[in-house]
Structures are given as C-alpha cells and as structure tokens.
Amino acid sequence: MTGPRYPLLMAALSTLVAALFLASLLTGPAGIGPGESLAALFRGGDDLLALVMRELRLPRAILGLLVGAALGMAGAVLQGFLRNPLAEPGLIGTSASAALGAVLAIQTGLSAAFPLGLPLAALAGAALSVLLVLMLAGPRGGTLALILAGIAISALAGAATSLVLNLSPNPFAINEIVFWIMGSLADRSMLHVWIAAPFMGLGFVLIWPMRRALNALTLGEDAAASSGVHLGRLRLMLVAGIAALIGGATAVAGTVGFVGLVVPHVLRRAVGASPARLVPAAALGGAAVVLAADIAVRLIAPGRDLKLGVLTALVGAPFFLHLILKTRREGL
Amino acid sequence: MLELRALSFHRGGQAVLDGIDLSIGAGEFVGLLGPNGAGKTTLLRAALGLLPARGHSSLARLSARERARAAAYMPQGREIAWPMPVEALVALGRIAHPHSAGATDRAAIERAIAALHLDPLRHRRATELSGGEQARTLIARALAQETPLLIADEPIAGLDPAAQIDAMRLFRRLAGQGHAVLASLHDLGLAARHCTRLILLHQGRIAADGPPQAVLTAANLARVFGITAHLAQGPGGILFQPLDTIEGEDR
C-alpha cells in the first residue's frame, strides 16, 4: 500500500536489532576485545572467557531480544485490540499479576528452594489474571468491560503485593522482591532462556494469525464482526497470547514497563497505522529498545547494577505524559 | 437475500423489536425509515446477528465468515481508530475474502474508490478527513466487500447534497445490478425519490412496507413521525417536503 516503505522499515529494524544484539554480547565489565569475545563464544572450551560469553553474555542478549520483542508485540496487539493508543500490557492486569506470583514465590521461599519456582509462579499469576479477566468481562463482554476488569485485577494484584511486603518479617526477602520488581536482565542463565522462550513462542503462535482481524477492528466491533471476524475467539486468542508473552517476559526479567506503550506509538505512522503491520514492527522495535536499554544500564553505571525497568520507566513515563497531552490536544 | 421471521429483541424488559417479518430480494433498494428510537439500528444489527435476538434471521444463522460474504455492514458510529490512509481503509472490506487473489482485491478496491469519488483523497489519513468524507470512505469500505446484500445504518447522514444524491444513486444502481441494499435513512425526500421500497418502523414494529407512494401517506406520516408534509408527484418520482409537527398527538 505504501510502496517499498514497509519492507524497508522492517529491514532497517532487523539490522538495528542484529547490531544491538551484537553490541549487547560485547558489552560488559570484563573488558575484552570484540574479536576475541566472539571467537570465544564460538570456540567452545571451558576457559573463563568462553564461560563468560556463553553463560552470561549470550543469555543476557537473547533475553533482551526475547523480552523486548514480547513486550513490543504485546503492546501493539493490545492497542490494536482496544483501539486505544494509551493501552499497555499492564492494563489488563497481566504484568501486575505475574509480579504478584513472583513476589509470593520469593516470600514463601519457593524461589530459594527450587530454581524454577519464581518463573513458574509468575506464569501462574499471569495465567490466573487472564482467566479472571475473561470471567469478569464475560464471553460477549465489550472492550470497556475488559479494561475495567483489567484495572480491577491490576489494583488487586498491586494491593496483594504491597500486603506481602507489608507483612514480610524478612528484610532480605523484601530487598529481593523490591529489586526483582524493578526489572533486570543481569545474571540470567540459559535456563531462563529455556523457561521464557516456549511461552513467548506460544504467545506468538496465538497472536500471529489474528493480525487481519486486528485491522478489521479499526472500524469498531460491529464492522469487524460483519467482515467475518469471530470476536469471541479473537478475544480469547489475543488475551491468552498476551498472557503468554507477558508471563514469560515478567518471569525472567521482572517488570519492564513502558516498552509496550512507547514502541508501538513511535512506529505507528511508519507502518501506515495498520495494526497488523504494527505487530511485527513493534516486536522488532521492542527488541531494539530493550537491548539498547540493557546496554545503557551497563554503560551508565558499571558496577552499580542500575535496573533495566528503572531506566525504561524513567524514559517511558515522561513519554506517557507527552502522549496524554497530545491525545487531549487532538481531542480524541 | 434477507429473510426475517418474528424477529424480536428486548432490552431492560421492553421490546425494542417486536415480531419483525421481512423479506428482501435481489434488485431492491430498501429504505428503513422511522423516528429516533424506533428500532432501526437494532433491527439492522439483529438481522446481522450482532445482537442476540429471538426469532429467525437468514443472516444470523450463518457463520461469521459466510455472513461476511453474504452481507456487508456500515455501522452508524463512524469509528476510525487509527490514522490509516483512505486507500488502506477501503481495503479493509477485503478482509471478508481472505482467499481471494491480490488482483481481485485490487480491482474491488479501485471500483469502490471510483464509485465514491475518493481518488483525490486516497493517500490522505482517514482520521483527518471531514465527517462527510469519512462517511464516503466507510461506504466505499462496505462496497469493497462486494456482497450480494449491503446493509448501511444512516449512510448519507452528514454528506453534502451532491454526495447524498450520488450515494443514493449508487445504491439504486447496485440494486439494478442484482444486489440488494437495506439502508436506514432520515431524509424522507431522498428515500422517496431513490428507494424502490420503504419500510416504516414505529415502536419496534413495521408500520408500513411497500413502494414509496404507498408508505409515505399523510396518515402514516402523522401516525409515525407526527408531522404533516406536502406530497406531490413530480418528474422522476415523489416530491416530499415536511411542513409542520402535529401537536398533542399520541405518537
């Protein structure tokens, strides 16, 4: 429709993601040359450099890519589905519920006793929130019912998280929880990759075939339904897909906010505002943003463990305010 | 094309639609008339199966996919969520035909753009157009779906006089080509002149159904709309001019 612009944009975004992935592999406190690092990654062997590359840098870069893609894609899908540029994966309560699950795992000691305890609890929280949202919004529930259900669940999960922190007798657990909620990709292993990847893959598979339906929704639910979109099925697939993406991302990285809000918004005009085209573009854009932010936290404050989620929120929240002002000016 | 039998819909214990029987065949351009709140939008949505109504509707029985190939629908709310180019928006009509070839799609989109004279606007963002231009874009979207039946809820509201006449002629031409059009309308004069058949809806029931001159009678206008009007036979159809409201009438 817009000529070669869309393929060009996708190619540019892919190149950017590849470059940032490489940069992420080469960024770290060890201070080794790029050629040497990459050689060590592919050489195998058990020397220290190969271990650093394989066990620390590679999973971190892969997770940056996966988490960013999941957040960007979930944001694009949610905005398209709710026809609201201010929508965010956090909106339907998935992020907050995943965080609550993880917090409970830390608090009960499940995460210490069993390495998969935390991610599995986060996934359980995300899944539970989706079931609750679907129950509250009902099979024929409209967009408004879905948003309200999401807000209610977000508030509930937030309150429950505060309660856990409030009642926690263990200051170390509180410390751990607070740091985990901030969101980070530091010190993750390949195990985390294997935990997150299947869920994100599932989310992708659920969402990908629904892109045309997202386009149809541009003209409202009645117009979409009369163009052959089965709204109930669409809602189920999208909400389950978003839960899988966000549950997987939150499980391994904590809460990394605003990526799902900012990235689709920035890319919308470039894809001709088509919600379908925005889905893959926002996945690439999200990957680029999270990879870049994760490189930035390592460069800005080496050795201080600046949290990824803190950085994205610091950059993202003012952007959100700007968006609200802009929306108000346009009288939407 | 469309077959409704005893179609009823209740909202809050009140009948919004009460036993609608209706059959629309190929070649008809049916104008659905009635005062505000008569149930026009509800009737169109129930006929499409977008509302869980009681009774029989030939469209509501179809699966969403089959229905999308049987009937296109232009809702009353002119919702355009994203600043898409006009051309891309018209192309949304082709979502109903996921397996059709690209060339077929393009041809349908071009026909719809030409029919609504949208060529000068095709690269403009739809959200930045005027209300009337948006309405024309949305009519074109429904047209691009290329279905036997076109259902439109107040398609010509907000259009300028020339665009209104153009749209009515277009619907009449579609009917002449063997399609059927069912459109709710408020402009009784245009309805009288261009529709092949009018249906007068009053308090959820069909008050009159037939050719324009049989439906737009002084008695029907007084009973359903509470107005008096000047009706005359002119060149090319009925001339209709509303004159006054009737006070104290039980409507």
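Small disclaimer: the values here were computed from a predicted structure and weren't measured.

How should I be thinking about unusual backbone geometry in this particular structure?
Note: most peptide bonds trans; most residues except glycine with negative phi. The backbone of Ala273(A) sits at a positive phi, close to 65°, despite the residue not being glycine. Summarising the element assignment, Ala273(A) is placed in the loop between α13 (259-268) and α14 (275-300). Residue Ala273(A) is classed as buried on the basis of its relative accessible area, which comes to 3%. The backbone of Glu146(B) shows a phi angle near 50°, a positive value even though the residue is not glycine. Looking at the element boundaries, Glu146(B) is found in the loop between α5 (131-144) and β6 (149-153).

Mind showing me how you'd approach the packing of aromatic side chains here?
Evaluated as defined, the whole model comprises 2 aromatic pairs over all chains. A centroid spacing of 5.7 Å and a plane angle of 70° characterise the contact between Phe29(B) and Phe171(B), whose relative ring orientation is edge-to-face. Taken together, the residues Phe29(B) in strand β3 (residues 29-33) and Phe171(B) in helix α6 (residues 161-176) connect sequence positions 142 residues apart. Each member of the pair Phe29(B) and Phe171(B) is classed as buried. Sitting above the plane of the Trp208(A) ring, Arg211(A) keeps its charged end 3.9 Å from the centroid. Over the face of the ring belonging to Tyr6(A) we find Arg277(A), whose NZ or CZ atom lies 4.4 Å from the ring centre.

Looking at this model, I keep getting lost on the interface of chain A and chain B. Mind explaining?
Note: interface size is frequently given as the accessible area lost on complex formation between the parts. Listed by partner, the interface residues are 27 residues for chain A and 33 residues for chain B. Interface area for chain A against chain B, summed over the two sides, is near 2400 Å², with a carbon-plus-sulfur share of 62%. Counting across the chain A and chain B interface gives 2 salt bridges. Linking chain A with chain B are 6 residue pairs in polar contact (both at pLDDT 80 or more), by the criterion used here. Elements with a minimum of two residues in the side of chain A that touches chain B: α3 (48-82), α10 (211-216) and α11 (221-226) of chain A.

Calculation rules
- Residues numbered from 1 in each chain as written.
- Chains lettered and ligands numbered in written order.
- Predicted model: local features only at pLDDT ≥ 70, side-chain atom pairs only at ≥ 80, totals over all residues.
- Heavy atoms only, no water.
- Helix = DSSP H or I, 4+ residues; strand = E, 2+ residues; numbered from the N terminus.
- Buried < 20%, exposed > 50% of the residue type's maximum accessible area, 1.4 Å probe, protein only.
- Phe/Tyr/Trp six-rings, centres within 6.5 Å; stacked < 30°, edge-to-face > 60°.
- Lys NZ or Arg CZ within 6 Å of the ring centre and 35° of its normal.
- Contact = heavy atoms within 4.5 Å.
- Buried area = accessible area lost by both parts, 1.4 Å probe.
- Salt bridge = Lys/Arg side-chain N within 4 Å of Asp/Glu carboxyl O.
- Polar contact = N/O pair within 3.5 Å; in protein donor to acceptor, adjacent residues only side chain to side chain.

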